[in-house]
Amino acid sequence: MLLWITLTRDSLDSMLKMKKLSLKASCLCGGIELKTKGYHRDVHNCHCIQCMKTHGHHAAYTAVEEQNIKFIKKRTLKWFQSSKKGKRGFCKKCGASIFFKSIGQKDIHISAGMFNRPVKLKTTMHIFVKGKLDYYKLEQYMPKFKSYPKGGK
Ligand SMILES: [Zn+2]
Ligand SMILES: [Zn+2]
């Protein structure tokens, strides 16, 4: 009985955080166009120093399994190895910061501002808030984490 309750809670939890969607996204110049399908994670705002430096502000990422991305065009897509564990995908023509990929993980993070509207996703938390700069404030009601929340990715 106890086990059943735990499983139900876990699946409810994942249902609240993931949405099954089909979305289209593109960069500013149109050199990169893609479609996503399957489960999309809610948007997390990342304030780590690397995101701040590459986006010029905090990042706002959803995430999907990499196999659920289908590229229509990617001739201007370039990758930058931003750390030992991660790389970032950007458009070499217009400079759009598009992807963050943790090496060895199934999921890829996609900048939520790339999508055509409506996105139907919600921003649910702030992560790596240690990297936040002092020129902006975080909403009182939104959960904040020093790094990732427990069990998050
Ligand atoms: Zn571009
Ligand atoms: Zn970050």
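Residues numbered from 1 in each chain as written. Chains lettered and ligands numbered in written order. Predicted model: local features only at pLDDT ≥ 70, side-chain atom pairs only at ≥ 80, totals over all residues.

Chemist: Help me understand the sheet that holds strand S3 (residues 32-36) in this model?
Modeler: Hydrogen bonding along the main chain pairs the strands of a sheet, whether they run parallel or antiparallel. Pairing in this open sheet of 3 strands is antiparallel, and the strands run S2-S3-S7 from one edge to the other. Edge positions in the sheet fall to strand S2 (23-26) and strand S7 (69-74), since each has one partner strand and no second. Across the sheet, the mean angle from the axis of one strand to that of its neighbour is 15 degrees, orientation sign disregarded. Bridge count for S3 against S7 is 5 bridges, and the pairing is antiparallel. (Pairing = 2+ DSSP bridges. Helix = DSSP H or I, 4+ residues; strand = E, 2+ residues; numbered from the N terminus. Axes fitted to C-alpha atoms, helices over the stretch in contact; angles between N-to-C directions.)

Chemist: What exactly am I supposed to notice about unusual backbone geometry here?
Modeler: Negative phi characterises most residues that are not glycine, and trans characterises most peptide bonds. That bond from Arg117 to Pro118 is cis: its omega, -5 degrees, falls within 30 degrees of zero. Here Pro118 lies in the loop between strand S11 (107-111) and strand S12 (123-127). Residues other than glycine seldom take positive phi values, yet Lys120 does so here, at roughly 65 degrees. Relative to the helices and strands, Lys120 is located in the loop between S11 and S12.

Chemist: Quick question: what am I supposed to make of the environment of Cys46 here?
Modeler: Relative to the helices and strands, Cys46 is located in strand S5 (residues 43-46). Along the sequence, Cys46 and His57 sit 11 residues apart, while their C-alpha atoms lie 9.3 Å from each other. Beyond its immediate sequence surroundings of up to four residues, Cys46 is in contact with Cys51, His58, Ala59, Tyr61, Ile127 and Phe128. (Contact = placed C-beta atoms within 7 Å.)

Chemist: Looking at this structure, how should I read the sheet that holds strand S10 (residues 97-102)?
Modeler: An order of S8-S9-S10-S11-S6-S5-S12 is seen for the 7 strands of this open sheet, with the pairing classed as mixed. For this open sheet the edge positions go to strand S8 (77-81) and S12, each flanked by a neighbour on one side alone. Strand-to-strand twist across the sheet, computed as the mean angle between neighbouring axes with direction ignored, equals 30 degrees. Sheet topology places strand S6 (residues 59-65) next to S11; 5 bridges connect them, and they run antiparallel. The residue of S11 that forms the bridge with Thr62 is Ile110.

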